[in-house]
Amino acid sequence: FPVENIRNFSIIAHVDHGKSTLADRLLELTGTIDKTKNNKQVLDKLQVERERGITVKAQTASLFYNCEGKQYLLNLIDTPGHVDFSYEVSRSLSACQGVLLVVDANEGIQAQTVANFFLAFEAQLSVIPVINKIDLKNADPERVENQIEKVFDIPSDECIKISAKLGTNVERVLQAVIERIPPPKVHRKNPLRALVFDSTFDQYRGVIANVALFDGVVSKGDKIVSAHTQKTYEVNEVGVLNPNEQPTHKLYAGQVGYLIAGMKDVTEAQIGDTLYLHKQPVEPLPGFKSAKPMVFAGMYPLDQSEYNNLKSAIEKLTLNDSSVTVHRDSSLALGAGWRLGFLGLLHMEVFNQRLEQEYNASVILTTPTVPYKAVLSSSKLIKARRAVQKNMIFIDQNRVMLKYLFPLNEIVVDFYDSLKSLSSGYASFDYEDAGYQTAELVKMDILLNGNTVEELVTVVHKDKAHSIGKAICERLRDSLPRQLFEIAIQAAIGSKIIARETVKAYRKNVLAKCYGGDITRKMKLLKRQAEGKKKLRKIGNVEVPKDAFIKVLKTV
Ligand code: GDP
Ligand code: MG
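Since this is a predicted model, take the numbers as computed values, not measurements.

Trainee: Is there a simple way to explain the overall build of the chain in this structure?
Mentor: In terms of helices and strands, the chain carries 13 helices and 29 strands. When the 556 residues of the chain are sorted by exposure, 49% land in the buried category. Accessible surface, the chain as shown: approximately 28100 Å² in total, 50% of it carbon and sulfur.

This is the structure:
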C-alpha cells in the first residue's frame, strides 16, 4: 500500500461525547462492518466498557475507503478516554498524525476535551474538530465553535458539525481525514522500528502486541528484540485489525497492525516499547516509561477459603494489564491478601468490577491510599482540600476552566462525586501528575483501650487529622458490639489523643430476653454468638469482629 494513501488517526473526546458512536459509523461507511441496527460501540469489547460507557483497552481498526478513484487505508487507533490512562493515550497518539476531537454540541468543551486536546497538540498532530449530536433539541453548535476557537485557537470554520447517531455529515469527516491529516513520515528501506502502543493477552496465542511501524518491514519468521527488555523473539504471526485480527504476510512502515511472537505476558510487550530486528538495533522511539501506579489499595477475599480462586483471577487479569502492580500482603483482621497499585481510581474500580464480572470473585477492597516519600527529620514530618489555584480561563460566559495544584490523596476518595453533586453534574474534572510536594503529614494511630490497631494506622495531613480521626472513631463505635466492659476508641498522634468515642459496657447477656422462652431459640442465640466469635480478633482485651474492620476499612 503506498504510504501517501495511509492515514493514521485517533478519536479523542470527553466521556459520552460520542467517540464510540462515531467509530461505529466510520466502520459502517467504509464497509468494515455491516450496517445493521445493532452496531453499538463495536470497538468496546469488555462488559465493563459497555456498562460504564468508557474505553479501557484501546482497539484499533483498519478501514479501506475510496475517494476520487483512489483507495486509502485509514487506521483508526482507539485511545482510552479517561485520565487514569493518559500515558496510554499519549502512546496511542504517537502512532497517529491526526485526531478527530469530538465535542458534544450540547455540553461543549469539558475537562477531558481539554486534557486530550493538549496531548494531541504536544504530539504535534493535526486536529479536526467535530461537533457531535447536532440532532439534539438543545444543541448549540455555534456556541461550541466559539469555545473551540477561544480555547484551542482553531478557526471555527474548521469544525465539522455531525450527528454520529443519525449519520449526518459523517462522510465529511472521512474526507477531512484524507485532506487534513498528512500520511505518516516513514522509511521502508530502513531497519525495522515498531512502536508497541497496546498489548493484550490471549490464552492460546500468548501476547498480541498492537504495533505501528515507523521504519522497515516485519514478517513471520523474523527475529525481533524488545528495546526495553532486550529479549529476543521469533515472530509467529503478523496482521491487520479489521477490527478482528486478520493475518497478512508482512507489515510495512506506515501500517498499523498486530504481532505475535511468543511473549508470555504483557510485561514483555509494554506500551511505548520499541521492537527492532535482531542484530539491527535502532534508536528506540522516544517517550517510553513504565506504568506508574498512583493509587494503592488492599484486596482480600471475603472468605479466606476463596484465596486461591482470587489469586488465580488476579493473575489472569494482570496478564492483560501490566500497569497493575501486585504484592502479597496480609492483615491481622482480613487475612492473606494483596496490595495492588493502580493508575487511578477508575482503573481500580474497573479492575475490581472485572474480577467480579469475569471471575465471579467477591473481594474486600480497602480505602485507597497514595504514595508518599517520607523524609526523616527531628519531628518526622506544607482551605479544605489543600489546593493552590494556578489559573482561570473563561471558556465562554457560562463556563470557566480552573486549574489547581492538589494533593493526590485529596482527590482519590470522593472528590469526583462531591464535585459532581456540588455543581449539579455540570462540572467536569481531569488531572495530571505534578510530582511530589512537601506536606505536613502525621501518622495517626487508632487505639482500643490503649492498644494500637495495626490495620487502622494511617498517614494524614496534620490539619485533617482531627476530622478523619473522629470519623474513624465514630465508624468503629457504630460497628463494634458492646462487650462486658467499656471500650475507649481513640485516635492519637504520637502520645496526643485527638479524638475519642466510647462503647458502653454490655449489661444483659444474650439470653436475658428469653426468660422461660423455648429452648430452640436459646440454642440458636448461643450458636450465633459462637459463630460470631470465630471471626473475632482480640486487640488487648477487646474483641473486634471481622465485619467491624470491613466497615471501617472498605471503600465507601
Ligand atoms: P463515548 O463515551 O464518547 O464513546 O460516547 P458514546 O459513543 O458511547 O455515546 C454516548 C451517548 O451519546 C450514547 O448514549 C449515544 O447513543 C449518544 N450519542 C452519540 N452520538 C449521538 C448523536 O449524534 N446524537 C444523539 N442524540 N446522541 C448521540
Ligand atoms: Mg466510548
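Trainee: Is there a simple way to think about the sheet that holds strand β19 (residues 335-342) in this case?
Mentor: Sheet strands pair via backbone hydrogen bonds, and the direction of the pair is either parallel or antiparallel. Strand order in the open sheet formed by four strands is β18-β19-β17-β20, and the pairing between neighbours is antiparallel. The two strands at the open ends of the sheet, each matched to only one other strand, are β18 (325-331) and β20 (363-365). Shown here is a sheet whose adjacent strand axes are inclined to one another by a mean of 30 degrees, direction ignored. Across the sheet, helix α7 (residues 307-319) touches β17 (295-301), β18, β19 and β20, and the angle it forms with β19 is around 15 degrees. Against the sheet, helix α8 (residues 345-359) engages β17, β19 and β20, with an angle of about 20 degrees to β17.

Trainee: In this structure, what is going on with the confidence of the model for the chain? I would like to understand it.
Mentor: The predicted structure's coordinates, where accompanied by low pLDDT, should not be read in detail. Taken residue by residue, the chain gives an average pLDDT of 81. The fraction at 70 or more is 78%. The least confident element of the chain, judged by mean pLDDT, is helix α12 (residues 519-534) at 58; the most confident is strand β6 (residues 160-161) at 98. Here residues 375-379 is a poorly scored stretch, pLDDT under 50, and it has one contact once near neighbours within four places are set aside; other chains count. ipTM for the predicted complex: 0.99, alongside a pTM of 0.73.

Trainee: Hey, could you run me through the sheet that holds strand β8 (residues 206-215) in this one?
Mentor: The eight strands lie next to each other as β11-β10-β16-β7-β8-β15-β12-β13, forming an open sheet whose pairing is antiparallel. Looking at which strands have only one partner, the edges of the open sheet turn out to be β11 (232-234) and β13 (245-248). Sheet twist, expressed as the average angle between the axes of neighbouring strands with direction ignored, equals 40 degrees. Two strands pair when backbone bridges link them, and β8 and strand β15 (residues 256-260) are joined in this way by five bridges, in the antiparallel orientation. What sits directly across from A212, in β15, is V256.

Trainee: I'm lost on the side chain of T318 in this one. Help?
Mentor: Among the structural elements, T318 can be located in helix α7. At 3.1 Å, the side chain of T318 forms a polar contact with the backbone oxygen of E315.

Trainee: Please clarify how the packing of aromatic side chains should be interpreted in this entry.
Mentor: Any pair of aromatic rings gets described here by the distance separating the centres and the angle formed by the planes. Scanning the model with the defined rule gives seven aromatic pairs in all. Ring geometry for Y307 against W338: centres 4.8 Å apart, planes inclined by 10 degrees, an arrangement best described as stacked. Of the two residues, Y307 sits in helix α7 while W338 sits in strand β19, which places them 31 residues apart along the sequence. The buried category is assigned to Y307, whose relative accessible area is 15%.

Trainee: Would you mind showing me how to read the pairing of β18 here?
Mentor: On any regular strand, side chains alternate: one points to one face of the sheet, the next to the other face. As judged from the seven bridges shared by β18 and β19, these two strands associate in the antiparallel manner. Bridging from a neighbouring strand, T325 pairs with G341 of β19. Turn length for the β18-β19 hairpin, with the two strands adjacent in sequence and antiparallel, is three residues.

Trainee: Would you explain the pattern of salt bridges in this entry?
Mentor: Where side chains of opposite charge bring their charged atoms close, a pairing between them can arise. Within the structure shown, the criterion is met by 15 salt bridges. Here R354 and E358 are joined by a salt bridge, their closest N and O atoms 3.0 Å apart. You can see R354 and its partner E358 sitting in helix α8, four residues apart, about one turn around the helix. Relative accessible area serves as the criterion here: at 11%, R354 is assigned to the buried category. A salt bridge links R477 to E501; its shortest N-O distance comes to 2.6 Å. You can see R477 sitting in helix α11 (residues 465-479) and its partner E501 sitting in strand β27 (residues 496-503), a full 24 residues away along the chain. For R477, a relative accessible area of 30% translates into the label partly exposed. For E501, a relative accessible area of 14% gives the class buried. Each of E142, E145 and K161 takes part in a single network of salt bridges with overlapping partners.

Trainee: Mind showing me how you'd approach the packing of helix α1 (residues 19-29) against helix α6 (residues 170-180) here?
Mentor: Running from N to C, α1 and α6 point in directions that differ by 80 degrees, and their axes come no closer than 10 Å. Considering their axes alone, α1 and α6 lie roughly perpendicular with respect to each other. Contacts from L22, R25, L26 and L29 of α1 reach α6 at V170, E171 and L174. The class makeup of the residues in the contact of α1 with α6 is five nonpolar, no polar and two charged.

Trainee: What am I meant to see in unusual backbone geometry here?
Mentor: As a rule of thumb, non-glycine residues mostly have phi less than zero, and peptide bonds are mostly trans rather than cis. Although it is not a glycine, E68 adopts a positive phi angle of roughly 45 degrees. Structurally, the position occupied by E68 is in the loop between β2 (60-67) and β3 (70-77). The class of E68 is exposed, set by a relative accessible area of 78%. Located in the positive-phi region is N360, a residue other than glycine, with phi close to 60 degrees. The topology assignment puts N360 in the loop between α8 and β20. Under the relative-accessibility criterion, N360 is labelled exposed at 68%.

Trainee: Explanation requested: the packing of helix α3 (residues 86-93) against helix α4 (residues 111-122) in the structure shown.
Mentor: Between two packed helices, both the angle of their axes relative to each other and the distance between the axes serve to describe the pair. Where α3 meets α4, the closest approach of the two axes is 9 Å, and the angle between their N-to-C directions is 40 degrees. When the axis of α3 is compared with that of α4, the two are oblique. Where α3 crosses over α4, the handedness of that crossing is right-handed. Where α3 abuts α4, its residues S86, V89, S90 and L93 lie against N116, L119 and A120. Its residues assigned to classes, the contact of α3 with α4 comprises four nonpolar, three polar and no charged.

Trainee: For this particular structure, what's the right way to read the pairing of strand β7 (residues 193-202)?
Mentor: Both β7 and β8 contribute to a ladder of nine bridges, which runs antiparallel. Counted as the bridge partner of R193 is D215 from β8. Turn length for the β7-β8 hairpin, with the two strands adjacent in sequence and antiparallel, is three residues.

Rules of the game
- Residues numbered from 1 in each chain as written.
- Chains lettered and ligands numbered in written order.
- Predicted model: local features only at pLDDT ≥ 70, side-chain atom pairs only at ≥ 80, totals over all residues.
- Heavy atoms only, no water.
- Helix = DSSP H or I, 4+ residues; strand = E, 2+ residues; numbered from the N terminus.
- Buried < 20%, exposed > 50% of the residue type's maximum accessible area, 1.4 Å probe, protein only.
- Areas by Shrake-Rupley, 256 points an atom, 1.4 Å probe, with all protein chains shown as cover.
- Pairing = 2+ DSSP bridges.
- Axes fitted to C-alpha atoms, helices over the stretch in contact; angles between N-to-C directions.
- Contact = heavy atoms within 4.5 Å.
- pLDDT = per-residue confidence, 0-100.
- Polar contact = N/O pair within 3.5 Å; in protein donor to acceptor, adjacent residues only side chain to side chain.
- Phe/Tyr/Trp six-rings, centres within 6.5 Å; stacked < 30°, edge-to-face > 60°.
- Salt bridge = Lys/Arg side-chain N within 4 Å of Asp/Glu carboxyl O.
- Parallel < 35°, antiparallel > 145°, perpendicular 65-115°, else oblique.
- Nonpolar A, V, L, I, M, F, W, Y, C, P; charged D, E, K, R; others polar.
- Left-handed = near helix turned anticlockwise from the far one by under 90°.

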